[in-house]
Amino acid sequence: MRIEKCYFCSAPCYPGHGVLFVRNDSKQFRFCRSKCHRAFNKKRNPRKVAWTKAFRKTRGKEMAVDSTFEFEKRRNRPVKYDRDLMGKTILAMQRVQEIKNKREERFHANRMKDAKAEKKQQARVEIEKSIEILVPAVAKREEVMRTVVDKARERIAARKRQRGQKIATGEQMDEN
């Protein structure tokens with residue numbers, strides 16, 4: 001059994017699932033769910049529909065060019081079954097998947113690196129625009145911080161005084 005790819009969204013189509021549409025020229029279109037089939041019937045372009053792989057690739061959100069994609073291509077040449085060959089093939093498939101995952105993570109990290117700086121810049125602009133909203137909150141925060149610091153200093157001073165009294169009472173006990 002073979003796991004096909006949805007013609008519209010590129011999701012995996014497992015055996016017994018989805019819809020197979022055969023056009024008059026005998027071209028086959030496999031869809032993973034009715035949502036994809038309806039979009040295809042409405043003549044929607046997968047590159048313009050936000051939830052498809054084609055959209056993500058054209059917008060640069062996923063890798064579009066990579067040597068690991070060559071392994072996913074469909075091969076129709078029949079191969080005689082060989083247990084050793086199958087074992088090696090499965091190991092190779094796992095290794096290719098590891099490499100692909102690492103490259104995707106690197107690609108995502110590089111994309112997000114620029115996005116982080118952009119997000120900070122947008123936050124700064126937003127703060128500058130609405131500074132009049134933040135000023136009272138900041139003033140209140142400074143007042144609260146001052147009271148907290150003052151109370152902490154009072155507690156420390158009280159502890160020092162208590163230690164001084166304990167030491168003094170300890171010396172009086174020693175004298176007696």
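This structure is a prediction, so every number in the text was calculated from the model and none was measured.

1. A word on the environment of D82
Here comes step 1: By the element assignment, D82 lies in the loop between α2 (53-58) and α3 (83-129).
Here comes step 2: Sequence separation of D82 and K160 is 78 residues, and the distance between their C-alpha atoms is 84 Å.

2. Some thoughts on the environment of R56
Here comes step 1: In this structure, R56 sits in helix α2.
Here comes step 2: Distance from R56 to R106, taken between C-alpha atoms, is 16 Å for residues 50 residues apart in sequence.
Here comes step 3: The contact partners of R56, leaving out residues within four places of it in the chain, are K61 and E62.

3. Concerning helix α1 (residues 34-41)
Here comes step 1: Of all the residues in α1, the buried ones are C36, H37, A39 and F40. Along the long axis of α1, the arc covered by the buried residues comes to 165°, so they all point the same way.
Here comes step 2: Against β3 (19-22) and β4 (28-31) lie the buried residues of α1.
Here comes step 3: Note on α1: the residue one or two positions beyond its end, K43, has a positive phi of about 60°.

4. A short note on the layout of surface pockets
Here comes step 1: Taken as a whole, the largest pocket holds about 2000 Å³ of empty space.
Here comes step 2: The wall of the largest pocket is formed by 42 residues, among which I3, F71, E72, K73 and R74 lie closest to the centre.
Here comes step 3: When residues of the lining of the largest pocket are traced back to their parent elements, those giving at least two are β1 (4-5), β4, α2 and α3.
Here comes step 4: Of the residues forming the lining of the largest pocket, the biggest block, 10 residues, is contributed by α3.

5. A short note on the nonpolar core
Here comes step 1: Core analysis: the largest hydrophobic core is formed by 11 residues, namely C6, F8, C9, C13, F29, F31, C32, C36, A39, F40 and V49.
Here comes step 2: Looking at this core, the elements with two or more residues in it are β4 and α1.
Here comes step 3: When near neighbours in sequence (up to four residues on either side) are disregarded, C13 contacts R2, I3, E4, C6, R30, F31 and C32.

Cut-offs and rules
- Residues numbered from 1 in each chain as written.
- Predicted model: local features only at pLDDT ≥ 70, side-chain atom pairs only at ≥ 80, totals over all residues.
- Heavy atoms only, no water.
- Helix = DSSP H or I, 4+ residues; strand = E, 2+ residues; numbered from the N terminus.
- Contact = heavy atoms within 4.5 Å.
- Buried < 20%, exposed > 50% of the residue type's maximum accessible area, 1.4 Å probe, protein only.
- Arc of directions from axis to C-beta.
- 1 Å grid on protein atoms, 1.4 Å probe; cavity = no way out; pocket = protein on both sides within 12 Å on 5 of 7 lines; lining within 4 Å.
- Points joined across faces, edges and corners; volume = space filled by probe spheres on them.
- Core = buried A, V, L, I, M, F, W, Y, C linked by side-chain atoms within 4.5 Å.

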